[in-house]
Amino acid sequence: MRIPRSPPGISPCRVTAEPEMGLFDWIHGDDREQAADLPVAAPPTSDDIEAALKRAEQMVLEAQVPTAVLARTLRIITVVRQIVPRLGNLGLQSQEAYTVVATSTDYLPESLASYLALPRDWADTREVANGKSSLLLLIDQLDLLGLTIDRMYDAANRQDATSLAAQGVFLNEKLGGVRTVVRMEESAPAKNNPLDLD
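Asker: I keep staring at the overall build of the chain and nothing clicks. Help me out?
Answerer: Along the chain, the regular secondary structure elements total eight helices and two strands. Taken from N to C terminus, the helices and strands of the chain fall in the order α-α-α-α-α-α-α-β-β-α. Looking at the 198 residues of the chain, the share that counts as buried comes to 24%. When contacts within the chain are restricted to residue pairs at least 6 apart in sequence, those whose partners lie at least 24 apart make up 64%. Surface exposure of the chain reaches about 14600 Å², of which carbon and sulfur atoms provide 56%.

So, in structure tokens, the structure goes:
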């Protein structure tokens, strides 16, 4: 058996930086170069979030959705609007901040659009999954989004409340005020019953 020799000037154990192309890549072209040239979308800004919330609000108002859908959607929109200025408190790269942004720009609009694409009488009366109509499935989704957003709102405000308590302790120690022990109360869990009006 004869071992082929390398061409002159090339060492036999040369490692190439270029990945080898397979037969499929050779026939269809190398998509890796094209993927590298695609622009990466910037993360949504506060203006993008507000625009998405306005679109969702407009969707439910123009479609004259059932009151249960309208009330839940408007509640979610209101709470997200209160969170947006405090997104930094959650940490801009945190899962909580991502959840707030995704709820306003993706989860909420997608749920509403899927429901609104159906004929109203069919969506409100026909069972489609687990014995529930499309309307009841949407209400379940809105309840879950509302509960999640309430948790994010609590988390966004918790940092400021903690800072306020720490400042009170500092002032008492520094200025010799009334010495009281300051304890942060655990936040009450968001209510699971969507019918609670508190």
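Asker: What exactly am I supposed to notice about unusual backbone geometry here?
Answerer: What you tend to see is this: most non-glycine residues have negative phi, and most peptide bonds are trans. Its identity is not glycine, yet Q64 carries a phi of approximately 50°, on the positive side. Looking at the element boundaries, Q64 is found in the loop between helix 3 (46-63) and helix 4 (67-83). You can call Q64 exposed: its relative accessible area is 62%. Of note in this structure, N130 is not a glycine but carries a positive phi near 50°. Counting through the fold element by element, N130 comes out in the loop between strand 1 (127-129) and strand 2 (132-133).

Asker: Just to check I follow, could you spell out the nonpolar core for this structure?
Answerer: Nonpolar side chains in soluble globular proteins tend to end up buried together. Judged by nonpolar contacts, the single largest core of 29 residues is most densely connected at V69, V80, I83, L87, V100 and L108. For this core, the elements supplying multiple residues, two or more each, are helix 3, helix 4, helix 5 (87-90), helix 6 (95-116) and helix 8 (134-175). In terms of residue count, helix 8 provides more of this core than any other element does, eight residues in total. Other than its neighbours up to four places away in sequence, L108 contacts A56, T73, I76, I77, T103, L142 and L145.

Asker: Which parts of the structure should I look at to understand helix 3?
Answerer: Since the α-helix packs 3.6 residues into each turn, any two residues three or four apart lie on the same face. With 18 residues, helix 3 ought to run about 26 Å at 1.5 Å a step, and its terminal C-alpha atoms sit 26 Å apart, in line with that. Those residues of helix 3 that sit buried are I49, A52, L53, A56 and V60. End-on view of helix 3: buried residues confined to an arc of 100°, all on one side of the axis. Facing away from the buried side of helix 3 by over 90 degrees, the exposed positions are D47, R55 and E62.

Cut-offs applied
- Residues numbered from 1 in each chain as written.
- Predicted model: local features only at pLDDT ≥ 70, side-chain atom pairs only at ≥ 80, totals over all residues.
- Heavy atoms only, no water.
- Helix = DSSP H or I, 4+ residues; strand = E, 2+ residues; numbered from the N terminus.
- Buried < 20%, exposed > 50% of the residue type's maximum accessible area, 1.4 Å probe, protein only.
- Contact = heavy atoms within 4.5 Å.
- Areas by Shrake-Rupley, 256 points an atom, 1.4 Å probe, with all protein chains shown as cover.
- Core = buried A, V, L, I, M, F, W, Y, C linked by side-chain atoms within 4.5 Å.
- Expected span 1.5 Å × (residues − 1).
- Arc of directions from axis to C-beta.

The values are spatial; any link to function lies outside them.
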